[in-house]
Amino acid sequence: MTGPARIVLVGGGLAAAKTAQALRKRGYDGTLTLLTAEAHRPYERPPLSKGYLSGDTPAEEVFVHEAGWYAEHDVDLRTSTDVVALDRERREVRAASGERFEYDAVLLATGASPRRPPIPGAYADGVLALRTIDDSDALQARFARGEPVVVVGGGWIGLEASAAARRAGCEVTVVETASQPLQRVLGTRVASAFTALHRDHGVRFVLGASVEALPVDGSGAVAGVRLAAGTVLPGATVLVAVGVTPADGLAREAGLQIANGIAVGSDLRSSDPAVIAAGDVAAAEHPILGRRLRVEHWANAVRQAPVAAAALLGEPASYERLPYVFSDQYDVSLEYVGAAEHPEQAEVVVRGSLEDRRFVAFWLQEGLVQAAMTVGLTGLVPALEGLVRSGRPVDIARLADPAAPLDAVNA
């Protein structure tokens with residue numbers, strides 16, 4: 001098969017592993033090297049805050065491929081290899097060890113790094129983030145002690161981890177600066193359903209609060225969370241879940257265009273056509289939504305891989321799939337498609353019951369559905385995607401009516 005002689009994939013997550021798979025499936029027979037800073041072969045991240053964290057998903061199901069897959073498909077997998085520089089002129093990437101890997105095309109799938117607030121105690125013993133499989137192992141071990149847990153941040157990761165901690169029997173307090181968890185994603189009305197869900201399972205919320213410091217005891221271990229108001233929340237474990245920062249340092253230092261991540265077109269090519277970006281680090285132009293998006297979710301990494309493979313081979317391709325998010329919290333599952341630009345200002349339409357947690361929510365801008373989410377109901381995602389893609393106004397009354405078919409709600 002014609003194509004670049006040497007392809008290097010930088011990053012040990014789902015996007016890089018699936019791109020390697022897509023390349024070999026397409027018949028690419030050149031040199032293929034995958035570099036990851038972690039000691040593990042590539043794995044999937046969603047289970048780390050869901051089934052793996054709660055002990056329901058065994059470790060072997062977390063990895064993208066079986067251990068022998070890379071050798072069988074002639075992929076040179078280099079674990080514990082921290083890439084520190086991208087030299088576009090020489091077309092090589094350099095590892096911290098000094099080893100250099102030449103490329104004709106390179107994928108940057110470097111993901112993102114958890115934010116740590118610049119406050120006293122942020123790195124004390126017992127203060128954890130949740131991004132890697134090692135983080136999940138450490139958190140699960142601390143949950144098993146049954147000691148109080150404080151979660152700083154009420155986003156998807158914070159709430160999923162809170163559910164796992166409650167299942168383990170821990171007292172859980174969630175601290176969130178907004179008036180509801182998930183408010184920035186869902187807006188107040190829909191977010192309140194998840195506040196109620198977690199309260200029903202014994203989670204305590206401290207809302208509209210900011211953290212001033214993480215006090216430590218005489219041994220240097222975290223003892224809780226001190227709020228700006230002066231209140232101290234006791235906790236032997238503190239999970240900091242206040243979002244992530246795209247790991248775009250390699251691209252930035254190499255002079256590539258940056259826009260809250262590596263700026264790429266819908267073909268995932270960066271400002272240097274030999275450099276492709278995918279997954280959490282890629283801020284891609286979306287041809288349907290008409291704006292640049294950086295999506296930090298599993299489906300995005302999986303679905304971008306075939307487009308990244310095409311781009312690496314110099315072929316035309318365009319990533320047009322809508323953003324998709326899923327979450328499992330206790331016995332409630334949800335699926336979200338699209339991307340509401342300003343959920344708090346959007347017109348929100350709900351069909352079904354927020355209280356029963358069986359509903360579909362829609363976020364509208366100027367009469368058009370920007371995003372939709374189904375909670376406790378399955379099989380609706382294709383219809384919801386159709387509404388977002390249609391770009392056509394909807395009849396609000398029919399949209400809210402559970403008896404109206406979703407393919408018959410356009411005005």
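Okay, so let's go over this structure. Here the structure is a predicted model, which means the values were calculated and not measured. (Residues numbered from 1 in each chain as written. Predicted model: local features only at pLDDT ≥ 70, side-chain atom pairs only at ≥ 80, totals over all residues. Heavy atoms only, no water.)

1. Digging into the overall build of the protein chain
Heads up, the condition is: Secondary structure is summarised from DSSP: a helix means a run of H or I of at least four residues, a strand means a run of E of at least two, and numbering begins at the N terminus for each. Radius of gyration here uses only the C-alpha atoms, and the compact-globule reference equals 2.2 Å multiplied by the residue count raised to the power 0.38. Throughout this description, buried means an accessible area under 20% of the type-specific maximum (1.4 Å probe, protein chains only), exposed means over 50%, and partly exposed covers the range between. By the convention used here, residues are in contact when the closest approach between their heavy atoms is within 4.5 Å. The method behind every accessible area is Shrake-Rupley, applied with a 1.4 Å probe, and residues are considered shielded solely by the protein chains displayed. A positive count includes Lys and Arg, and a negative count includes Asp and Glu. His and the chain ends are not counted in either. Each charge is placed at NZ for Lys, CZ for Arg, CG for Asp and CD for Glu.
Scanning the protein chain from terminus to terminus reveals 11 helices and 26 strands. Taken over the C-alpha trace, the protein chain has a radius of gyration of 22 Å; the compact-globule value for 411 residues is 22 Å, and the two agree within 12%. Principal-axis analysis of the C-alpha atoms places the extent of the protein chain at approximately 65 × 55 × 35 Å. For the protein chain, the residues scored as buried account for 53% of the 411 residues in total. Taking the contacts inside the protein chain whose residues are at least 6 apart along the sequence as the reference set, 60% of them involve residues at least 24 apart. On the protein chain, roughly 17100 Å² of surface is accessible, and the fraction owed to carbon and sulfur atoms is 47%. The distance from the centre of the 39 positive side-chain charges to the centre of the 50 negative ones in the protein chain is 2 Å.

2. Quick word on helix H6 (residues 156-167)
Formally: What a helix should span is 1.5 Å times the count of its residues minus one.
The first and last C-alpha atoms of H6 sit 17 Å apart over 12 residues, in line with the 16 Å expected at 1.5 Å per residue. For H6, a buried count of nine out of 12 residues is recorded, marking the element as mostly surrounded by other parts of the structure. Those residues of H6 that sit buried are Trp156, Gly158, Leu159, Glu160, Ala161, Ser162, Ala163, Ala164 and Ala165. Within two residues after H6, glycine 169 carries a phi angle of roughly 95°, on the positive side.

3. Remarks on the environment of arginine 26
The topology assignment puts arginine 26 in the loop between helix H1 (14-25) and strand S2 (31-35). Judged by its relative accessible area of 37%, arginine 26 falls in the partly exposed class. Placed 316 residues apart in sequence, arginine 26 and histidine 342 show a C-alpha to C-alpha distance of 40 Å.

4. What about the pattern of salt bridges?
Using the following cut-off: Every case where a carboxyl oxygen of Asp or Glu lies within 4 Å of a side-chain nitrogen of Lys or Arg is listed as a salt bridge.
Scanning the entire structure with this criterion turns up 21 salt bridges. Residue glutamate 38 pairs with arginine 45 through a salt bridge whose shortest N-O separation is 3.4 Å. One salt bridge in this structure joins arginine 294 and glutamate 296, with 2.8 Å as the shortest N-O distance. A residue is classified by how much of its surface remains accessible, and arginine 294, at 16% relative accessible area, is buried. Bridged by salt links that share partners, the residues Arg6, Glu102 and Asp104 form one connected network.

5. Thoughts on the pairing of strand S10 (residues 149-152)
Put simply, the test is: Two strands pair if DSSP finds at least two bridges between them. Look down the strands so they point away from you; if the path from the first strand over the helix to the second goes clockwise, the crossover is right-handed.
Here S10 shows no split at all, with Val149 and Val151 on one side and Val150 and Val152 on the other all buried. Two strands pair when backbone bridges link them, and S10 and strand S11 (residues 172-176) are joined in this way by four bridges, in the parallel orientation. Opposite valine 149, over in S11, you have valine 172 as the bridge partner. Note on the crossover from S10 through H6 to S11: the handedness is right-handed.

6. A closer look at the layout of surface pockets
To keep it simple, the criterion reads: Cavities and pockets were defined on a 1 Å grid built from protein atoms only: a cavity is a group of points that admits a 1.4 Å probe but offers it no way out, a pocket is an open group of points flanked by protein on both sides within 12 Å along at least five of seven lines, and a lining residue is one with an atom within 4 Å of any such point. Grid points are joined across faces, edges and corners, and a volume is the space filled by probe spheres set on the points. Each residue gets one label: Ala, Val, Leu, Ile, Met, Phe, Trp, Tyr, Cys and Pro are nonpolar, Asp, Glu, Lys and Arg are charged, and the others, such as Gly, are polar.
In this structure, the second largest pocket encloses a volume near 190 Å³. Around the second largest pocket sit Ile288, Leu289, Arg291, Ala339, Gln365, Glu366, Leu368, Val369, Gln370, Val388, Arg389 and Gly391, which together line it. For the lining of the second largest pocket, the elements supplying multiple residues, two or more each, are strand S26 (368-375) and helix H10 (381-390). Top element by residues in the lining of the second largest pocket is S26. It accounts for three residues. Here the lining of the second largest pocket is built from residues that sort into six nonpolar, three polar and three charged.

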